[in-house]
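# Observations on the model geometry
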Amino acid sequence: MEWALSLLVNHPKVLEKARAELDSYVGQDRLVYETDIPKLQYLQSIVNETLRLYPTAPLLVPHESSDDSTVGGFDVPRGTMLLVNAWAMHRDRAVWDDPTTFKPERFEGRENGGHNFVPFGMGRRQCPGAGLANRVVALALAAMIQCFDWERVSHCPAAAMRMLGCAPIDEMLDAGICVSLGTDGAMVLQLIKIDL
Ligand code: HEM
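Think of each chain on its own: its residues are numbered from 1, step by step along the sequence as written. Totals for whole chains, interfaces and linings use every residue, but because this is a predicted model, local features are given only for residues with pLDDT of at least 70 and side-chain atom pairs only at 80 or more, for both listing and counting. Each side-chain value is worked out from all heavy atoms of the structure, with water and hydrogens disregarded.

Under an unreviewed UniProt entry, the chain has the name Cytochrome P450 and belongs to Escallonia rubra. UniProt positions are given in the numbering used here, feature names are shortened, and annotations may be inferred rather than shown by experiment. In its Cofactor (unreviewed entry) section, UniProt records this for the chain: "heme". UniProt, in the comment section headed Subcellular location (unreviewed entry), describes the chain in these words: "Membrane".

What follows is about the nonpolar core. Soluble globular proteins: nonpolar side chains tend toward being buried together. In terms of nonpolar packing, the biggest core is built from 29 residues, with Leu8, Leu22, Leu43, Ile46, Leu141 and Ile145 touching the most fellow members. Secondary structure counts use DSSP, requiring at least four H or I residues in a row for a helix and at least two E residues in a row for a strand, with both numbered from the N terminus. Only helix 1 (2–10), helix 2 (12–25), helix 3 (41–53) and helix 5 (130–147) provide two or more residues apiece to this core. Whether two residues are in contact is decided by their heavy atoms, any of which lying within 4.5 Å being enough. Excluding anything up to four places from it in sequence, isoleucine 145 contacts Leu8, Leu15, Ala18, Arg19, Leu22, Leu43 and Trp150. Nine residue types can take part in a nonpolar core, namely buried Ala, Val, Leu, Ile, Met, Phe, Trp, Tyr and Cys, and a core is a set of them joined through side-chain atoms within 4.5 Å. With a 1.4 Å probe rolled over the protein chains alone, any residue whose accessible area is under 20% of its type maximum counts as buried; one over 50% counts as exposed, and the rest are partly exposed.

Here we come to the environment of proline 12. Position of proline 12 among the secondary structure elements: in helix 2. Given a relative accessible area of 52%, proline 12 falls into the exposed group. Taking the C-alpha atoms as reference points, proline 12 and glutamate 151, 139 residues apart in sequence, are found 7.9 Å from one another.

Patch membership requires over 30% relative accessible area and the absence of a salt bridge. Like charges are linked within 9 Å, and nonpolar side chains (Val, Leu, Ile, Met, Phe, Trp, Tyr) within 5 Å. All accessibility values rest on the Shrake-Rupley procedure with a 1.4 Å probe; residue burial counts only the protein chains present in the view. By definition, a salt bridge exists where a carboxyl oxygen of Asp or Glu is found within 4 Å of a side-chain nitrogen of Lys or Arg. A surface patch of nonpolar side chains, about 310 Å² in accessible area, is lined by Leu59, Met81 and Leu83. Its place among the elements puts leucine 83 in the loop between strand 4 (81–82) and helix 4 (86–90).

Take the coordination of the iron atom of the ligand next. From the protein, the iron atom of the ligand takes a single donor atom, Cys127 (SG), 2.2 Å away. Its location among the elements puts cysteine 127 in the loop between helix 4 and helix 5. Atoms of type N, O and S within 2.8 Å of a metal are treated as its donors, and for Na, K and Ca the window is 3.2 Å; water is not considered, so some sites may appear to be missing partners.

We now examine the site of the ligand. The environment of the ligand is made up of 14 residues, and the closest members are Val61, His63, Phe120, Arg125 and Cys127. By the criterion applied in these results, polar contacts are pairs of N or O atoms within 3.5 Å in which, for protein atoms, one can donate a hydrogen and the other can accept it, and in which residues neighboring in sequence qualify only through two side-chain atoms. Between an oxygen atom of the ligand and a side-chain N or O atom of histidine 63, the distance comes to 2.7 Å. Contact distances for the ligand include 2.6 Å between an oxygen atom and a side-chain N or O atom of arginine 125. Residue polarity follows a fixed list, in which Ala, Val, Leu, Ile, Met, Phe, Trp, Tyr, Cys and Pro are nonpolar, Asp, Glu, Lys and Arg are charged, and the others, Gly among them, are polar. Residues belonging to the shell around the ligand are distributed by class as follows: nine nonpolar, four polar and one charged. By convention in these notes, a residue is near a molecule or strand provided one of its non-hydrogen atoms lies within 4 Å of it.

Here we come to the confidence of the model for the chain. Here pLDDT means the predictor's own confidence in every residue, given as a number from 0 to 100. Averaged over all residues, the pLDDT of the chain is 84; the fraction at 70 or higher stands at 77%. Here residues 179–196 is modelled with pLDDT under 50, and outside its nearest four sequence neighbours on either side it reaches 48 contacts, counting other chains as well. The complex model carries a pTM of 0.81, and its ipTM stands at 0.97.

So, about unusual backbone geometry. Backbone geometry places leucine 60, a non-glycine residue, at a positive phi of 50°. Relative to the elements of secondary structure, leucine 60 occurs in the loop between helix 3 and strand 1 (63–64). Not every positive phi belongs to a glycine, and aspartate 98 is a case in point at roughly 50°. With respect to the helices, strands and loops of the structure, aspartate 98 is situated in the loop between helix 4 and helix 5.

On to helix 5, then. The periodicity of an α-helix, 3.6 residues per turn, causes residues three or four positions apart to be oriented the same way. Every helix has an expected span of 1.5 Å times one less than the residues it contains. End to end, helix 5 covers 26 Å across 18 residues, agreeing with the expected 26 Å (1.5 Å per residue, within 8%). Regarding helix 5, the residues found buried are Ala130, Ala138, Leu141, Ala142, Met144, Ile145 and Gln146. Tucked into the core, helix 5 has its buried residues touching helix 1, helix 2, helix 3 and strand 5 (149–151).

With that settled, consider the UniProt feature "binding site: heme" (unreviewed entry) in the chain. The positions that UniProt labels "binding site: heme" (unreviewed entry) are, in the present scheme, Cys127. Residue classification places cysteine 127 among the partly exposed positions, given a relative accessible area of 30%.

Structure follows, in structure tokens:
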């Protein structure tokens, strides 16, 4: 959700297109429902493209081979710890055109990215919560796009945050999101200006 919002505020045209899709399928007289989600293809492409660029588990979770095997010419003995580098697969130039660019359109017309798109893993041990996760993320994102005007703040009021006892994490500033750790250790997300 954080990365999706960060990408949207940094790509206002994509945000505009997502809002236009919501306006056309849902309108402005009611809140978006879960039943609307399958119709909102562009929104789903945004969720997929966010998971491609910023997979929640970049190396998935470690697996262990249950038998001796050969993978891509390498002998892998039984009991080897195996890590799948989803991050690298999602940014492979041989597979993705202009891989570091946020382009939800690349997912249009295809359910998923095939074997090179594995944010939830693959096969028997793939994430059983993928359906739920996709629906919840898409619905929450849709409601936030529908209900608020989001825009990037170019400067985080770091001084004000320091006065409040917060220490800003500078590298997040470029992403358009100010994250700080409160005195109690809780993460305070100082997301973006909201115009009601
Ligand atoms: C965006 C949200 C989520 C992402 C990106 C995600 C990603 C993953 C990944 C990468 C794995 C490891 C797959 C593998 O072994 O290669 C996994 C496993 C798992 N996930 Fe998720 N997940 C998400 C949400 C959820 C939700 C909402 C649930 C439950 C309601 C869930 C339940 C599980 C369980 C139980 C496993 C272990 C499956 C097994 O080892 O057999 N996940 N998830």
